[in-house]
Amino acid sequence: EGKIVTIGEILVEIMATTFGDGFLEPQPLIGPFPSGAPAIFIDQVGKLGAAAAIVSAVGDDDFGTLNLERLKRDGVDVSAVEVLPGAATGSAFVRYRADGSRAFVFNMRDSAAGKIAATLAAESVLGGAAHLHVMGSGLPMPAVHGMVSTAIPALKERGGSVSFDPNIRPEMLRDPAGRAALDRVLAATDLFLPSGEELMMFAGASEETAAIAALLQTGVREIVLKRGKAGASHFDRNGRTDMPGFAVEEVDPTGAGDSFGATFLVCRRFGLGIGESLRYANAAGARTVTIKGPMEGTSTFAELDAFIAGATVRSP
Ligand code: ADP
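Here is a short report on the structure shown in this document. Treat the numbers as computed from the prediction; the structure is a model and nothing was measured.

1. Examining the pattern of salt bridges
Part 1 of the reasoning: One pass over the structure, following the stated rule, counts 14 salt bridges.
Part 2 of the reasoning: Salt-bridge contacts for Arg179 lead to Asp183; the nearest nitrogen and oxygen are separated by 2.9 Å. A residue pair is termed a helical-turn pair when its members lie 3 or 4 positions apart in one helix, as Arg179 and Asp183 do in helix H6 (residues 176-187) at four residues.
Part 3 of the reasoning: Of the residues examined, Asp183 reaches a relative accessible area of 31% and is grouped as partly exposed.
Part 4 of the reasoning: A single salt-bridge network, built from bridges that share partners, covers Lys156, Asp190 and Arg221.

See below:
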């Protein structure tokens with residue numbers, strides 16, 4: 001069974017332990033936690049027992065080692081994660097405001113994640129991929145964009161598939177080159193994983209049904225719309241399937257979309273039906289938000305089964 005591969009940033013997250021508007025006074029912190037959307041995604045793939053690899057770069061520091069050790073422990077092939085001498089692994093300091101929104105301080109500008117390169121190891125891992133998961137957030141980086149552009153046609157040629165989580169800031173869609181890059185990926189996407197807002201932005205529609213119809217017209221085979229605590233909906237040419245979310249107490253929303261997407265993808269590749277895959281994916285997303293730290297809440301199938309057995313579905 002073929003490997004699921006993704007490309008993109010690895011960093012650490014350090015969180016404030018109290019609510020507030022930011023970091024304008026000394027305060028208790030917790031972390032570092034392994035992080036980065038592509039890293040969380042691929043860690044979840046590995047935990048579910050599917051073959052997984054990530055193309056990335058870290059610094060030769062403890063933050064890099066922390067991530068590499070975690071990913072390896074969870075079964076992820078990190079042979080294409082370059083350890084860059086003298087570079088630092090990026091970090092994000094996060095504090096939650098009382099209303100649930102987040103205040104960030106990023107140390108990413110000159111970090112190793114910005115120096116991801118098309119190394120021989122990256123080419124080798126991408127050349128052996130059966131499935132590529134593309135994160136929109138990485139596409140502005142020329143090396144990432146280059147690898148994605150080269151990998152997709154080759155992958156399609158040998159019968160592979162592509163999933164795409166837009167995970168973007170609106171500025172990227174307003175920039176014509178950024179928009180074109182995203183559209184090229186979308187044209188090759190088998191499984192599209194937007195949130196509600198991203199769906200509307202992408203389709204340029206004001207209404208969900210129209211947006212879905214427009215995307216299915218462009219050739220996207222399956223769309224899974226992430227609806228936060230309300231769960232998720234799946235759309236393809238045969239229709240739609242809605243799955244309510246699980247009732248949990250959210251303590252840290254970071255990473256939910258990534259563990260959700262990874263779980264849906266792996267379940268489908270393991271042959272589970274749409275409904276069952278959505279249920280497992282909702283469980284993975286819900287577990288993630290109940291645990292502090294973006295990657296701390298990724299799950300094995302045993303953990304998902306135990307969670308589902310004890311959980312209540314939110315009434316629609
Ligand atoms: P993203 O993180 O990409 O913005 P969502 O916030 O929609 O995506 O979360 C992804 C999935 O995680 C949801 O579809 C749902 O299954 C689950 N999830 C997220 N937040 C909650 C929550 N508060 N309660 C229960 N499930 C949640």
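2. Describing the site of the ligand
Part 1 of the reasoning: Near the ligand, the surroundings consist of 15 residues, among which Gly228, Gly231, Glu250, Gly257 and Asn282 are the closest.
Part 2 of the reasoning: A distance of 2.7 Å separates an oxygen atom of the ligand from a polar atom in the backbone of Gly228.
Part 3 of the reasoning: Between Glu250 and the ligand, the recorded distance is 2.8 Å, taken from a side-chain N or O atom to a nitrogen atom.
Part 4 of the reasoning: Only helix H9 (256-269) and helix H10 (274-289) provide two or more residues apiece to the shell around the ligand.
Part 5 of the reasoning: In terms of residue count, the dominant contributor to the shell around the ligand is H10 (four residues).

3. Some remarks on the layout of surface pockets
Part 1 of the reasoning: Within this model, the second largest pocket holds a volume of roughly 210 Å³.
Part 2 of the reasoning: The wall of the second largest pocket is formed by 14 residues, among which Phe19, Tyr96, Glu250, Val251 and Asp252 lie closest to the centre.
Part 3 of the reasoning: When the residues that make up the lining of the second largest pocket are grouped by side-chain class, the tally is seven nonpolar, three polar and four charged.

4. Details of the environment of Ala103
Part 1 of the reasoning: Turning to its location among the elements, Ala103 is positioned in strand E8 (residues 102-107).
Part 2 of the reasoning: Separated by 50 residues in the primary sequence, Ala103 and Pro153 place their C-alpha atoms 39 Å from one another.
Part 3 of the reasoning: Those residues in contact with Ala103 that sit more than four places away from it in its chain are Asp21, Gly22, Phe23, Phe93, Val94, Arg95 and Arg97.

5. What to know about helix H1 (residues 37-47)
Along an α-helix, residues three or four apart share an orientation, since each turn contains 3.6 residues.
Part 1 of the reasoning: Burial analysis of H1 places eleven of its eleven residues in the buried class, the great majority of the element.
Part 2 of the reasoning: At the C-terminal side of H1, Gly49 shows a positive phi close to 90°.

6. Quick notes on the environment of Pro28
Part 1 of the reasoning: Mapping Pro28 onto the fold places it in the loop between strand E2 (11-16) and strand E3 (29-35).
Part 2 of the reasoning: Exposure remark for Pro28: the relative accessible area of 47% places this residue in the partly exposed category.
Part 3 of the reasoning: Separated by 118 residues in sequence, Pro28 and Gly146 have C-alpha atoms that sit 41 Å apart.
Part 4 of the reasoning: Residue contacts for Pro28: discarding those within four places in its chain leaves Met15, Ala16 and Thr17.

Cut-off values and rules
Residues numbered from 1 in each chain as written. Predicted model: local features only at pLDDT ≥ 70, side-chain atom pairs only at ≥ 80, totals over all residues. Heavy atoms only, no water. Salt bridge = Lys/Arg side-chain N within 4 Å of Asp/Glu carboxyl O. Helix = DSSP H or I, 4+ residues; strand = E, 2+ residues; numbered from the N terminus. Buried < 20%, exposed > 50% of the residue type's maximum accessible area, 1.4 Å probe, protein only. Near = heavy atom within 4 Å. Polar contact = N/O pair within 3.5 Å; in protein donor to acceptor, adjacent residues only side chain to side chain. 1 Å grid on protein atoms, 1.4 Å probe; cavity = no way out; pocket = protein on both sides within 12 Å on 5 of 7 lines; lining within 4 Å. Points joined across faces, edges and corners; volume = space filled by probe spheres on them. Nonpolar A, V, L, I, M, F, W, Y, C, P; charged D, E, K, R; others polar. Contact = heavy atoms within 4.5 Å.

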